[in-house]
Every structure is written in structure tokens, then in C-alpha cells.
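If you want the building blocks of each chain, they are given just below.
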Amino acid sequence: MIRTLLALIILLFGLALAIGGIQLVALGGSWGYALLAIPLLASGVLLLRKRHSALFAYAIVIAASLGWAVWEVGFDWWAMAPREGVIVLLGVLLLLPPVTRSLNAPSNRPNGVGIASGPLIGALAISAVVAAVSFFSHPHEIDGALSADRMTAHTDARDNVAAGDWVAYGRTSAGQRYSPLGQITTQNVAKLEKAWEFHAGDIHPDLPGSAFEATPLIVNNTMFVCTPRSEVIALDPVTGKQRWRFDPELVELPFALAHYTTCRGVSYHDDGLASADPQSIPRVGEVEAKALVAASRANATTHAAGVSQNIVAGTAVAGDPNPTIAAVAADAATPLRDDCHRRVFVTTRDARLIALSAETGVICPGFGGADGTVNLWHGMPNVSPGAYYSTSPALIAGDVIVVGGGIDDNLSTTEPSGVVRAFDLKTGALVWNFDAANPEATAPIADGQTYSENAPNSWSVASYDPALGLVYLPFGASSPDQYGIGRSKAVEKYSNTVTALDVATGKVRWSFQTVHHDIWDYDVPAQPSLIDLTIGGKRVGALVQPTKQGEIFVLDRATGKPLLPVREIAVSQKAIPGEPVSPIQPVSAISFAPDYVTGAHMWGMTPVDQMLCRIDLAKLLYEGRFTPPSVQGSLSHPGSFGIFNWGAVAVDPARQMMFAMPVYLGFTARLIPRPDTLDKVASAPGQPLGNENFGAPFASILRPFMSRIGLPCQQPPWGYVAGVDLTTGRKVYQRVNGTVRDMAPVPLPFKTGVPGIGGPIITAGGVAFLSGTVDYYVRGYDLANGREIWKARLPAGGQSTPATYLGRDGRQYLVVVAGGHRYTGTKTGDSVIAYALPAGVGTSR
């Protein structure tokens, strides 16, 4: 019975490899599967006939597959697993006594079965040796470390922020994600324990893009965090107790647009005039506070009149191209309420910028008008509820607050503008606007005029250098992402750039392009990090810019010129007719570009699904990282998820190094010819709108490149942590990061390296922290060598960037938001969790 069952399994296995292998050969792929099918089928037939030579035939299967695997991928454990796992398992089962006893030995060789078992046992023994060697090999890692001198280096630079505070998304407007706190060290980090946990209570399972991914701010003994629906919560940073909560009462948006709902952080400003005793500040009554919220919400609904309901009913492509939203006349003479000298600013999902009292959470009148609100729809073309929003915190830059925003990419060619605006911090009056499609017109737009539709947007976090008076903005491209015919010269010039604007006027000082004519959704997704470096013996102000395509550009932040070499490489030209694809693309000295993908890189649980991935790859257009989207379907690697995304990187101003989480996940990109109608060709019924690209001749479908059983087609590792010497561009270390515990059907902690989204932080204590991987952990790493030295289990995905601060009790805390992210498949949650060392540990530092 066992023999017959094994024979049938082997025959089916061989038949699958034969059929698929022939198809792969016909597509120009490897002959390996078709050839491997021959001894497999022979073994199955011989096994059914009870011939002892079946064991010898199967020994050939193991030897052939093992030799082929080593030739293709070397001694790489995870790459070998699908090639050998099932094959070796079947070989072991063939040696079970019930199987061997059922085989007939030749009459002239009564010991024939035992002799036939010898080659199979030998093949299995060799497989075991190869497996052991592979298990202890780490071909994808760089095993290095920073020198002791670098690790003990210090900096005299001061950032005008209290050492124990985290006052902006990247701790300061420089976006370094570095804390000078040193109480938590590599020696004591293992003793970190949970201090408190707070539940924000803002979970929306009905919204597939809802994500609690905020980085808390901690300043003046208060923690501020925002929720997916733009609520702001103030917490006691030592106890986790809620002090106040603000609900903007969002204008309800149609599901098709509201499906992506998040807030990555708030902004904080202190004008220095606040009372030394917060308890002495008069409190606003509940009735007045509610009236201010109602007025702010009414402000947000002023764009609704006359707006086309294309998203709700699918009856038009875009909103009213000439909205009648007037700018609110800000009164510079309006005095700030006593509790409004310290303010928190939040950008909401329904396109408001609201000023709140940091003391009470009540709206501060006078900013933008009596309702303390700036309506970000003012001056916008194609007004359509939900089609424009800011997920990233606004930037406090001197006397202005700078606001970018995102649009609903790939919905249509007539989207709102990606304009970036600076408002007076006190009054909310518009100071300047930078419209990348009309870059010279930076004076405040007049009532009745509109910004350029579909202009490139800056949806991520900006940075600011007060000494140079420059604001640094990461830009994406105009919509659609995968179709670029007809873009203007100005749009082409500023798309996919990091651009420096004069903080006083909004005029361009310099611009550096990271991708030419982007048709891959390679927005510049991350906040630029500002750091002073010693390069070639000279101290220079630098800007470190991570990108989705894996390049880390290190630029002079005064001029935009590269400080580390940048070269241009030739790329694929196989675009659709008329697409002006660039023949070259820039590559930096610091590059995390993926290897060129071949059939040997395909993966799966078994040779069968691995083979199917090779077949899928052979059917796709692929000529390297910048392969254009196509009607037949292209492999885009990295995909639009990016090697780096909004979590950015962390840079250490003392050690002059970078700590990062590069991740690798390929996508398929297929263009679908579409009629010039509102018919949906890329969206599933009842689901949010996909990349319909209304108004363009093509829609597009982007999907992770996955196997038939839901695993990535590309082999692990899918994620790393890495340390880079920023003065030379040298990768000091790179280590596989994360397990498949929360990805696999069975929660096994296999360390394959996993994707993630969210960013790292660095501390002066020599520890880096990260929570963004798709397994539910927050981890601590030795900054010197990248080795994991601490981790704590989270109740949901930690797709956010942590923060660290000094509590009033003298302890250094680590805080992380564990809210999950539906687009990464992680469990959603509402937890804000703080960790600290036990009382008395480390406080002497």
C-alpha cells in the first residue's frame, strides 16, 4: 500500500515536471525540470512493478537535482529548499522497511534490494552534507562591523532640541531619526520591559487601506499621536494615561477613495510665550470646543457644492475644475488664546490643516480663521472628496508650516494638484506655493485661480535646514504612474526629485532627479536626512536621500551636487509605442539595487511551484530593474513597494553612518488597453478602484510576483538590515532580518528575511531599533555590526517608525505603534507600547 502510494505520488510529480518542463523549454527556459522528470517517471514505473532498480533510479533523481541546485544557486539554504526538500523526503520514505520489503530482488541476486538501496542511501547522505553546509552559509550577508573608534565618536553639533524629546517625525526637522540618549546600551538592552500599553481604539476593518502607522512626538512631558482617521491623542509618556483626545469629525468620504486612511504623525510648535505653569491656563468650555470642531468641519464641507460625484456613482471623471473655495482671510491681529502658545498641527484625511492647543486639544482660533483651520482644497483643480490628502505630518520651518500632499494616483489623468504650500505659523495665511508644473509662480495664488492639475506631488515628509534657509521636498511623478506620454517639460523636470526651496519665497534653489521619466511608481518616498559628513578630509553639509529603486544618494545640501559618485547606466527601451522612456538612469555609490532576476532565482515550496514561477517569469518582459510596463506584462523589481519607502533610514551624526532596512519584493506590471469611458477594466467588483487611469489609453494592474500557493516567486531573503559608512559609501554589514512566523500558514520562526514598511531609529547608546517587519516584533540591534540583540513580541504588525525619549522619572523609553497594515497582510491593531529598563538600570549614565 505504501509502495503503491509513493509510486503514484512520484509518477504525478514526474508528470507535472515533464509537462511544465516542456512548456518552460518552449519558452526558452531551463531544461532541468524536463530532464529531471525522466528518472522520476522511471522510478515511479519501476516502483509500481516492484523492481528494486526503482531505488537506483531515485538515487539518480536526488543526485541530478542536487548537482543542478548547487550549480545554479551554490550553497544557499533557502534557495536549495524547494529544489531538494520534497525530493529528499520522498527518498527517505522509499527506504522505509514496508517499501523495501515489497520490492522483488532478482533470483540470481537475493541481496539485490540491499545493494540497490546503497546508491540511494549515499545520495541522501551527500544531500545531508550539502544541507548542513548550506545551513551555516550566509551568501547574502556582509559580516562586518564599525571600528571601535567610530563607535565611540561623538559630535559637538547641537540641534536646539532637548536631548530627551522627539519633537518632529524624524526627531528634528533634519530627519535623522537619531537620539542623543545613551541610557539604553548594547549591554543592557536585553533587560528592556514593557512599561505601558495604550489602545487608541481607531480600527476600521471595512477600510482595506486603513493603517495606524504614526510615529509619536514626545515634548514638554506629553506624547502626541494621531490615528488613521486623523484623531489626535495626548498621553502621559510615563504612564500611558490619556490626557485629551481630539476628533476632527471627518467629512464622510466615498468608499472608493476613503479606503486608504492613515496619519503618520503630527507637527509641534512652541512660540516660547507659554505660561510656565500650564495649570494656570484657563480651560475652554466643552460647548465652545465642540462649536470649533463643528466650524472646522463645516469649512471642510465647503468644497462639496457642485463637486462631481464620479467616485460615488461613476458618472464623471473628475470634480469641478473651477471650485469656488475662497481663502480664509487670516487676521494677523488675532491674539492666540493662552493655551495656544504650544500647538499641535494635524492634516486630516478630508484635507484640512488644523491647529490644536497642545495643552488642551482644543482648536486654536486665528489660524486660518475663527475655526483654526486651513481648507487645503483652496485653489485646487478637479475637486473631488477624498482625492487629495496629506498622510505625512506638515513641516515646521521657521515662521511657516509647509504642507505637501498626495493624490489618488492612477485614478485618472485629471487629478487635483500636487502643489506644496507654506502657511504663516500664526495666522495660517498662505505665504508661498510651489506648483511643480508651474514652478516660477510661487506667489500666493489669487482667489478664483487654480493650481495645475495633476502636478507632481510631495506626499512624504520634508526636511528643513534653518542655517541655509532651505526646505527639502521629495517628489513623485504625476498620475498615471505607468503611463508617461504627454507630460510637460516642467513636470518631467521636477518629477522624482529631491528639490530644495527657499523657505521665505518657495523659489527653487536646486533639484536633483533620482529617476528619469518614471513609469514604475518610483516616487521619492522618504524624508531626506540632513547630516554633516567628513568626506575627503572636508566637513560638508550633506543630504541623504533613500529611494524606492534602492539608490541612496548623498548630496551637498547647499547645492544638490553629489558628494559620493553618481553614474548613469543604460536601461531597457522596450516601452509601448510613443512612450519617451529614458535610455539611462542614475545609480549611486551606495546602491541596494537587486540582482538581475533569472529563472534560478525563482522559489516555491516544491520544484513544481518553483517551476511554475519560472514559467511565469519566462512569459514576462524583463530586462533589468527599469523594464517598462507592457501589455504582455513586465516584471518590475523592485516593485512599487520599494526597497525603501516612507520609513526612510536613520543616520548617526557622530558615527557618520546609516542604518537601514532594505526589502525586496518584485511586482508584475501589466497595461490594459482601455476605452475613453468610465468603464472599469482594472478593478474587481465591490472593491476600491484600482489603477483605472481614466482619460489615458491604458489602465494598469500591479501585483506582487507570487506563486500559485501565495509565496513570493523570488527566493529569500526578502529583507535585511544594513549599515553603511556615509563618508565612503561602503556597506559595513548587511544581515538577513525577520522571520516568516506571521506570514506562513504554520507559525514557524524561519529566518528568511521578510519585507516590511516603517523606519529605524538610532541612539547614542549604540542601539538601533526597528519594528516595521511583517513579523510582529520590535527589535534592537547592535549598531556596530547589525546583529539582533533584543526583541519583543507585538500584538499586531509594527508598520511604523519608533521613537525614544526621556521620561520625567529619569528613564529612557522606547515607544512603538503596533497598528498593522492591511496592504502588507499584517494584523491590524491600535496599540501604543512603551518599553523601558527596570528602575535603576542604566540611569547612572
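Everything numeric in this text was worked out from a predicted model, so none of it was measured. (Residues numbered from 1 in each chain as written. Predicted model: local features only at pLDDT ≥ 70, side-chain atom pairs only at ≥ 80, totals over all residues. Heavy atoms only, no water.)

Trainee: I tried to follow the pattern of salt bridges on my own but got confused; where do I start?
Mentor: When the charged atoms of two side chains with opposite charge come close together, those side chains can pair. For the structure shown, the criterion picks out 29 salt bridges. R83 is paired through a salt bridge with E72; the nearest N and O atoms lie 3.0 Å apart. Placement of R83 in helix 4 (residues 77-94) and of E72 in helix 3 (residues 53-73) is noted, with a sequence separation of eleven residues between them. Across the salt bridge formed by R793 and D742, the nearest N and O atoms sit 2.7 Å from each other. Residue R793 is found in strand 37 (residues 788-793), and its partner D742 is found in the loop between strand 33 (730-736) and strand 34 (761-763); the two are separated by 51 residues along the sequence. Accessibility expressed as a relative area gives 35% for R793, which makes it partly exposed. One continuous salt-bridge network, built from bridges that share partners, spans E141, D143, R735 and R787. (Salt bridge = Lys/Arg side-chain N within 4 Å of Asp/Glu carboxyl O. Helix = DSSP H or I, 4+ residues; strand = E, 2+ residues; numbered from the N terminus. Buried < 20%, exposed > 50% of the residue type's maximum accessible area, 1.4 Å probe, protein only.)

Trainee: Just checking my understanding: could you explain the sheet that holds strand 18 (residues 470-474) for this structure?
Mentor: Strand order in the open sheet formed by four strands is 17-18-19-20, with antiparallel pairing between adjacent strands. Strand pairing shows two members of the sheet lacking a second neighbour, strand 17 (463-465) and strand 20 (508-513), which therefore form its edges. Taking each pair of neighbouring strands and ignoring which way they run, the sheet shows an average axis angle of 15°. When strand 17 meets strand 18, the two strands line up antiparallel, connected through three bridges. (Pairing = 2+ DSSP bridges. Axes fitted to C-alpha atoms, helices over the stretch in contact; angles between N-to-C directions.)

Trainee: What should I look at first to understand the packing of helix 1 (residues 2-26) against helix 2 (residues 32-48) in this one?
Mentor: Describing two packed helices takes the angle between their axes plus the distance from one axis to the other. Remark: helix 1 packs on helix 2, axes separated minimally by 8 Å, with the N-to-C direction vectors making an angle of 155°. One finds that helix 1 runs roughly antiparallel with respect to helix 2. As helix 1 runs across helix 2, the sense of the crossing is left-handed. The class makeup of the residues in the contact of helix 1 with helix 2 is 19 nonpolar, five polar and one charged. (Parallel < 35°, antiparallel > 145°, perpendicular 65-115°, else oblique. Left-handed = near helix turned anticlockwise from the far one by under 90°. Nonpolar A, V, L, I, M, F, W, Y, C, P; charged D, E, K, R; others polar.)

Trainee: Help me understand the pairing of strand 18, please; the structure alone is not making it clear to me.
Mentor: Successive side chains on a regular strand alternate, one facing one side of the sheet and the next facing the other. Burial analysis of strand 18 places five of its five residues in the buried class, which makes it a mostly covered element. Here strand 18 shows two buried faces, one formed by L470, Y472 and P474 and the other by V471 and L473. Taking the residues between adjacent antiparallel strands as the criterion, strand 17 and strand 18 are bridged by four residues, where G469 takes a positive phi near 65°. Pairing between strand 18 and strand 19 (residues 497-502): five bridges, direction antiparallel. When the bridges of strand 19 are listed, Y472 appears paired with A500.

Trainee: Help me understand the environment of V587, please; the structure alone is not making it clear to me.
Mentor: For V587, the position within the fold is in strand 25 (residues 584-588). Looking at V587, the relative accessible area reads 6%, which means it is buried. Leaving out residues up to four positions away in the same chain, V587 has contacts with E551, F553, P565, V566, R567, I569 and R625. (Contact = heavy atoms within 4.5 Å.)

Trainee: Please clarify how the side chain of T824 should be interpreted in this entry.
Mentor: Tracing the sequence through the fold places T824 in the loop between strand 39 (812-818) and strand 40 (831-836). Only 2.8 Å separates the side chain of T824 from the backbone oxygen of H821, close enough to count as a polar contact. Among the polar contacts made by the side chain of T824, one reaches the side chain of T826 at a distance of 3.1 Å. Sequence-distant contacts of T824, that is, excluding residues within four places in its chain, are made with F641, I757, V774 and Q799. (Polar contact = N/O pair within 3.5 Å; in protein donor to acceptor, adjacent residues only side chain to side chain.)

Trainee: Can you walk me through the environment of S30 in this structure?
Mentor: With respect to the helices and strands, S30 occurs in the loop between helix 1 and helix 2. Since its relative accessible area comes to 19%, S30 is described here as buried. Here S30 is in contact with G21, L24, V25, W68 and R614, once residues within four sequence places are set aside.

Trainee: What should I look at first to understand the packing of aromatic side chains in this one?
Mentor: The geometry of two aromatic rings is summed up by the distance between their centres and the angle between their planes. Here the structure, examined in full by the defined rule, presents 25 aromatic pairs. Arranged with centres 4.8 Å apart and planes meeting at 80°, the rings of Y33 and W68 form a pair that is edge-to-face. Here the residue Y33 occupies a position in helix 2, and W68 occupies one in helix 3, the gap between them amounting to 35 residues. Accessibility assignment for this pair places Y33 and W68 in one class, buried. Judged by centre distance (5.6 Å) and plane angle (85°), the rings of F592 and F644 are edge-to-face. Of the two residues, F592 is situated in the loop between strand 26 (590-591) and helix 12 (607-619) and F644 in the loop between strand 27 (634-636) and strand 28 (650-652); the sequence distance between them amounts to 52 residues. F644 gets classed as buried once you look at its relative accessible area, which sits at 2%. A cation over an aromatic ring shows up here: R349 above the ring of Y389, its NZ or CZ 3.9 Å from the ring centre. (Phe/Tyr/Trp six-rings, centres within 6.5 Å; stacked < 30°, edge-to-face > 60°. Lys NZ or Arg CZ within 6 Å of the ring centre and 35° of its normal.)

Trainee: Help me understand the state of the cysteines, please; the structure alone is not making it clear to me.
Mentor: Such a bond, covalent and formed between the sulfur atoms of two cysteines, is termed a disulfide. This model, assessed by the stated rule, comprises three disulfides. One disulfide in the model links C340 with C364; its S-S distance is 2.0 Å. In this structure the cystine formed by C340 and C364 twists about its S-S bond by roughly -95°; its chirality is therefore left-handed. Of this pair, C340 sits in the loop between helix 10 (310-313) and strand 8 (342-347) while C364 sits in the loop between strand 9 (352-357) and strand 10 (373-375), and the two are 24 residues apart along the sequence. In this structure C340 comes out as buried when scored by relative accessible area, which is 1%. Each sulfur of the disulfide joining C613 and C713 lies 2.0 Å from the other. Between C613 and C713, the disulfide has an S-S torsion of -75° and is therefore left-handed. (Disulfide = S-S within 2.5 Å.)

That is the geometry; function is a separate question.
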